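Residue-level structural notes
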Amino acid sequence: MPQSPQRSTVDSLKPFFHPRSVAVIGASRDRTHIGYRLLESLQGSRFAGTIIPVNPYAIEIAGLPVFPSLRSIPGPVDLALIAVPPNAVLGIIDDCAAKQVQAAILITAGFAETGGSGISLEQQLREKVRQYGIRLIGPNCFGLMNLDPAVRLNATYTPIFPPAGRVAFASESGGLGLAVVTAASRLNLGLSSFVSVGNHADVTVIDLLEYWEQDEATDVILLYLETIVDPQRFRQIAERVGRDKPIVVLKAGRTSAGQSAAGSHTAALATNETAVDALFTQCGVILAKTLEEFLTLATGLSAQPLPAGRNVGILTNSGGPGVLCADSCAAEGLTVQELSKQTQSTLASFLPPTAALRNPVDVIGFATEDQHAKTVETVLTSDEVDSLIIVHVSVRAKDNDPVAAGITRGISAARQATGRAKPVYICWMAEGDLERTFTVDGETVPTYPHPEIPAHIISRALAYGAWRRQPFGKVPGYTEVDLSTAKALCAKALSERGSGWLTTEETHALLDAMKLPLVQGTVATSAEEAVKLASKIGFPVAVKLASRHIVHKTEIGAVRLNLADEQAVRHAFEAIRSRLAQDHKMEAMEGVLVQSMLTGGVEVMVGMTRDPLFGPLLAFGLGGIHVEILGDVQFRITPLTDRDAIEMVREIKSYRLLQGYRGQPASDIKAIGDILLRISHLVEEIPEISELDLNPIFALPEGQGCKIVDARIRVELR
């Protein structure tokens with residue numbers, strides 16, 4: 001029975017993490033050479049397997065017998081660690097194939113990152129390893145670690161070997177990876193494994209996600225990303241993995257040096273950063289904006305359970321930092337509610353009369369070890385809090401040890417009484433003692449230097465927990481739409497005119513084919529024709545310029561609303577034509593669009609632009625001129641699920657307007673979601689559509705649907 005792709009990926013990566021023998025090809029006697037440092041790291045970590053140096057000009061290095069070539073090694077080799085010049089690499093890969101080496105880590109630089117011939121060399125490398133079925137990490141990488149005490153593999157060129165733990169970490173930057181590995185001991189951040197992927201010519205971060213999904217030693221996954229090679233596959237894998245294991249990402253390159261001129265609201269608002277945020281939101285990834293946030297989230301999520309709710313208990317020995325902590329909790333949407341009279345009474349029975357008991361609980365500066373222990377146990381076992389933050393300010397250096405002992409005793413007693421159900425975070429503000437660690441019965445309690453940090457961790461943990469509890473979304477199908485007509489319209493426009501905006505009539509026909517709720521209107525090419533159409537529709541009407549060349553019609557006075565009679569319609573037509581003649585743009589006028597006026601409802605917009613990497617990027621926000629002024633827009637990557645569509649609507653800051661505000665009826669949220677899903681279906685099926693704006697859409701009262709008032713669609717040859 002053939003293996004599934006997922007199982008095959010996991011099996012193919014096992015030799016990297018659990019090799020019985022490692023050959024260092026390019027091993028050197030020069031202590032400054034990477035080939036020597038790799039041997040030094042393997043020996044320093046006390047690797048459980050066999051280390052085999054390969055060098056044709058040496059007999060012994062670092063006390064180990066040396067072989068002249070990979071092929072000359074008598075026994076099997078599970079992992080090849082390669083540090084030879086770039087021009088020798090392809091030959092070494094041939095040797096790996098001959099020796100039946102399943103996995104190789106290529107430290108060597110000088111490939112695609114250098115441009116020119118390096119790009120060609122990396123392509124040859126990629127083709128060769130795929131031809132042989134060898135899995136390759138690199139080139140231009142820092143290496144790999146497995147901290148499992150039964151393996152102790154340090155296949156990097158740093159001697160630093162961080163503490164073992166439950167966090168896996170992949171980095172697209174060797175330097176950033178080294179910084180985190182170096183900081184791990186100081187932060188008490190235990191790693192299960194670390195991989196520097198380099199140029200990811202073969203093994204990618206997505207492959208590693210699949211491996212760590214099955215890795216029983218890993219509970220949390222950290223990623224430092226500079227690129228996302230395959231956004232759609234990343235979304236699919238990350239969403240599945242994230243259901244069990246939090247994925248925290250620090251993404252570099254989130255801004256672009258400049259944006260090209262955009263022809264729609266959506267394209268004007270969309271950036272690489274919005275695409276990244278949309279992708280991560282959809283697949284439950286926890287995004288860190290800074291390295292400090294990346295590390296604090298890593299320690300907080302790996303060491304503590306997810307909070308069950310928003311109620312936070314704060315215990316402090318100093319009022320000011322306790323208040324700062326409470327303010328941060330409020331800013332993050334958490335609740336610091338007053339403790340019950342019963343809990344306050346319990347606290348009062350052993351705390352000094354000057355202690356504050358409400359929450360934050362201030363035990364005062366000279367509280368004893370026992371008082372700290374009893375306070376921690378009382379608050380942590382209370383049903384009134386879902387998590388506990390302990391803020392300690394050092395009053396006297398000699399008090400730090402007893403305070404720490406009291407905190408540890410209190411947590412231990414609470415855990416024994418109730419189990420490890422609530423997260424605990426410590427803010428340890430003790431100069432000269434900042435690197436103190438707290439371990440309670442084998443559990444690491446994370447410590448931070450500032451009282452604002454834990455609130456942010458709790459908030460992100462709550463958001464992740466809420467995402468994880470949501471059911472998977474579904475991408476609906478639409479059998480009643482006429483995709484063949486829509487495709488033919490786009491193909492005809494491209495054939496006749498090339499890339500550009502569809503005409504008003506083409507746009508309307510395309511939306512009709514998708515069964516989208518467009519306000520019906522007809523293009524008139526003369527004032528008399530406009531008057532006849534208006535009389536047929538019924539006054540009042542709207543008259544707008546019909547043009548595929550002019551984007552913002554309101555800015556040139558080419559939109560006239562609430563026209564109550566024939567004279568007003570005639571005047572509107574002539575005024576629009578005169579303005580275009582004045583601007584020497586008569587050739588841009590296809591005519592005017594005559595539509596019936598809509599009243600009531602909330603103006604919203606739906607848009608789409610194609611990102612070169614991420615594909616179709618959908619936008620939703622308030623419509624009309626508000627979209628660019630307020631920037632209150634949510635983005636998602638297609639294909640959109642039913643859950644994505646509803647979340648887009650609910651997550652705009654102005655959602656209260658759609659819920660019904662100050663006596664206004666609630667809008668038809670379901671109908672808005674349906675428009676989003678139909679547009680997602682449209683742009684997935686017709687890749688020639690490069691840009692789209694439906695603005696405004698009138699979201700009518702619940703049960704009455706929506707009406708698209710204005711639309712623009714751009715097609716491009718692909």
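See above for the structure.
So, here is what we can say about the structure in this document. (Residues numbered from 1 in each chain as written. Predicted model: local features only at pLDDT ≥ 70, side-chain atom pairs only at ≥ 80, totals over all residues. Heavy atoms only, no water.)

Concerning the overall build of the protein chain
What counts is decided by this rule: Secondary structure is summarised from DSSP: a helix means a run of H or I of at least four residues, a strand means a run of E of at least two, and numbering begins at the N terminus for each. Each residue is assigned to one of three classes by its accessible area relative to the maximum for its type, calculated with a 1.4 Å probe on protein chains only: buried under 20%, partly exposed between the two thresholds, exposed over 50%. Residues count as neighbours in contact if any of their non-hydrogen atoms are within 4.5 Å of one another. Reported accessibility uses the Shrake-Rupley method at a 1.4 Å probe radius. Residues are deemed covered only where the shown protein chains occlude them. Here Asp and Glu are counted as negative and Lys and Arg as positive; His is not counted, and neither are the chain ends. To locate a charge, the coordinates of NZ of Lys, CZ of Arg, CG of Asp or CD of Glu are taken.
Check the secondary structure of the protein chain and you find 23 helices and 32 strands. Projected onto its principal axes, the C-alpha positions of the protein chain cover 95 × 80 × 50 Å. By residue count, 55% of the 718 residues in the protein chain fall in the buried class. Contacts in the protein chain between residues far apart in sequence, at least 24 positions, make up 71% of those at least 6 positions apart. Carbon and sulfur atoms form 51% of the exposed surface of the protein chain, whose accessible area is close to 29,900 Å². Once the 66 positive and 78 negative side-chain charges of the protein chain are each reduced to a mean point, those two points are 1 Å apart.

Some details on the nonpolar core
The nonpolar side chains of a soluble globular protein tend to be buried with one another. How we decide: To define a nonpolar core, start from buried Ala, Val, Leu, Ile, Met, Phe, Trp, Tyr and Cys residues and group those joined through side-chain atoms within 4.5 Å.
Counting 64 residues, the largest nonpolar core has F16, I105, W212, L223, F234 and F280 as its most contacted members. Sort the elements by how many residues they give to this core and helix 6 (residues 205-214) lands first, with six residues. When near neighbours in sequence (up to four residues on either side) are disregarded, L223 contacts A170, V205, L209, W212, F234, I247, V248, V249, L250 and F294. Listed in part, the 49 residues of the second largest apolar core include A486, L510, L622 and C706.

Digging into empty space enclosed by the protein
Applicable threshold: Using a grid of 1 Å spacing that covers the protein atoms alone, one calls a set of points a cavity when a 1.4 Å probe fits there but cannot get out, and a pocket when the set is open and has protein on both sides within 12 Å along at least five of seven lines; lining residues are those with an atom within 4 Å of a point. Grid points are joined across faces, edges and corners, and a volume is the space filled by probe spheres set on the points. Side-chain classes follow a simple rule in which Ala, Val, Leu, Ile, Met, Phe, Trp, Tyr, Cys and Pro form the nonpolar group, Asp, Glu, Lys and Arg form the charged group, and the remainder, Gly included, forms the polar group.
What the rule picks out here adds up to four cavities of 30 Å³ or more. A volume near 140 Å³ is recorded for the largest cavity. Lining the largest cavity are 18 residues; nearest its centre among them are T504, K553, D710, A711 and R712. Those elements that provide at least two residues to the lining of the largest cavity are helix 17 (504-513), strand 24 (541-546) and strand 32 (711-715). Taken together, the residues that form the lining of the largest cavity break down as eight nonpolar, five polar and five charged. Reported here for the second largest cavity is a volume of approximately 80 Å³. Along its surface, the second largest cavity is lined by E172, H200, T204, V205, I206, L225, T227, I228, V229 and F234.

Here we look at the side chain of E384
Quick note on the threshold: One side-chain nitrogen of Lys or Arg within 4 Å of one carboxyl oxygen of Asp or Glu is enough to make a salt bridge. A 3.5 Å cut-off defines polar contacts: any pair of N or O atoms within that distance qualifies, except that in protein one atom must be a possible hydrogen donor and the other a possible acceptor, and neighbouring residues in sequence count only when both atoms are side-chain atoms.
In this structure, E384 sits in the loop between helix 13 (369-381) and strand 17 (387-393). As a buried residue without a salt bridge, E384 has its nearest oppositely charged side chain in K422, at a separation of 8.8 Å. A polar contact is formed between the side chain of E384 and the side chain of T343, at a distance of 2.5 Å. Filtering out sequence-adjacent residues up to four positions away, E384 remains in contact with N311, Q337, E338, L339, S340 and T343.

Some thoughts on the sheet that holds strand 9 (residues 153-156)
For clarity, the threshold we go by: By the convention used here, strands pair only if DSSP detects at least 2 bridges between them. Working convention: axes come from line fits to C-alpha atoms, limited for helices to the stretch in contact. Angles between N-to-C directions cover 0 to 180 degrees.
Taking strand neighbours across the sheet as the criterion, the seven strands line up as 9-8-11-10-12-13-14 in an open arrangement whose pairing is mixed. If you trace the sheet from one side to the other, it starts and ends with strand 9 and strand 14 (286-288), each paired once. Pairwise comparison of adjacent strand axes, ignoring direction, gives a mean angle of 15° for this sheet. Sheet topology places strand 8 (residues 143-146) next to strand 11 (residues 191-196); four bridges connect them, and they run antiparallel.

With respect to unusual backbone geometry
Each neighbour pair has its own omega, and for G138 with P139 the value is 0°, a cis peptide bond. Located in the positive-phi region is R152, a residue other than glycine, with phi close to 50°. Mapped onto the elements of the fold, R152 is located in the loop between strand 8 and strand 9. For N359, which is not glycine, the phi dihedral falls at a positive 130°. Mapped onto the elements of the fold, N359 is located in the loop between helix 12 (341-348) and strand 16 (361-362).

Concerning the sheet that holds strand 25 (residues 559-563)
The strand order 23-26-24-25 describes an open sheet built from four strands, whose pairing is antiparallel. Edge positions in the sheet fall to strand 23 (521-524) and strand 25, since each has one partner strand and no second. Averaged over all pairs of adjacent strands, the angle between their axes in this sheet comes to 25°, without regard to strand direction. Of the strands in this sheet, strand 23, strand 24 and strand 26 (591-596) are in contact with helix 17, which crosses strand 23 at around 160°. With respect to the sheet, helix 18 (residues 527-537) is in contact with strand 23, strand 24 and strand 26, its orientation differing from that of strand 26 by roughly 10°.

What about the environment of Q100?
Topologically, Q100 is positioned in the loop between helix 3 (86-98) and strand 6 (103-106). A sequence separation of 22 residues divides Q100 from D78, and the C-alpha atoms of the two residues are 8.4 Å apart.

Looking at helix 3
Taken residue by residue, helix 3 has V89, L90, I92, I93, D95 and C96 as its buried positions. Along its buried surface, helix 3 packs onto strand 1 (21-25), strand 5 (79-82), strand 6 and helix 4 (117-132). Q100 sits one or two positions beyond helix 3 and adopts a positive phi of about 60°.

Digging into the pairing of strand 12 (residues 220-225)
We apply this condition: Place the viewer so that the strands point away; then a crossover is right-handed whenever the path from the first strand over the helix to the second strand goes clockwise.
Of all six residues in strand 12, six are buried, a share of seventy percent or more. Across the two faces of strand 12 the burial is the same, with V220, L222 and Y224 and I221, L223 and L225 all buried. Relative to strand 12, strand 10 (residues 164-171) is paired through five bridges, and the arrangement is parallel. In the sheet register, V167 faces strand 12, and the bridge partner there is V220. What joins strand 12 to strand 13 (residues 247-251) is helix 7 (residues 231-241), and the crossover it makes is right-handed.

Let's talk about the environment of F17
By the secondary structure assignment, F17 is in helix 1 (residues 5-17). Along the backbone, F17 and A568 are 551 residues apart, and their C-alpha atoms lie at a distance of 77 Å. Excluding anything up to four places from it in sequence, F17 contacts L144, N146, V151, S193, V195, L208, Y211 and W212.

Regarding the packing of helix 18 against helix 19 (residues 566-582)
Applied cut-off: Relative orientations are named as follows: roughly parallel for angles under 35 degrees, roughly antiparallel for angles over 145 degrees, roughly perpendicular for angles from 65 to 115 degrees, and oblique for any other angle. Less than a right angle of anticlockwise turn of the near helix away from the far helix marks a crossing as left-handed, whereas a clockwise turn marks it as right-handed.
Helix 19 packs onto helix 18 with a crossing angle of 140° between their chain directions and a minimal axis gap of 9 Å. Comparing the axis directions of helix 18 and helix 19 gives the class oblique. Every pair of crossing elements has a handedness; the one defined by helix 18 and helix 19 is right-handed. Across from A527, E528, A530, V531, A534 and S535 in helix 18, the residues of helix 19 making contact are E566, V569, R570, F573 and E574. Looking at the contact of helix 18 with helix 19 residue by residue, the class counts come to six nonpolar, one polar and four charged.

So, the pairing of strand 30 (residues 689-699)
Counted residue by residue, strand 30 has 11 buried out of 11 residues, so it is predominantly covered. Pairing analysis gives five bridges linking strand 30 to strand 32, with the strands arranged antiparallel. Residue pairing across strands places E691 opposite R714, the latter belonging to strand 32. As judged from the three bridges shared by strand 30 and strand 31 (residues 706-708), these two strands associate in the antiparallel manner. Among the inter-strand pairings, I697 is bridged to a residue of strand 31, identified as I708. Hairpin connection, strand 30 to strand 31: the antiparallel pair is bridged by six residues, and G703 has positive phi, about 90°.

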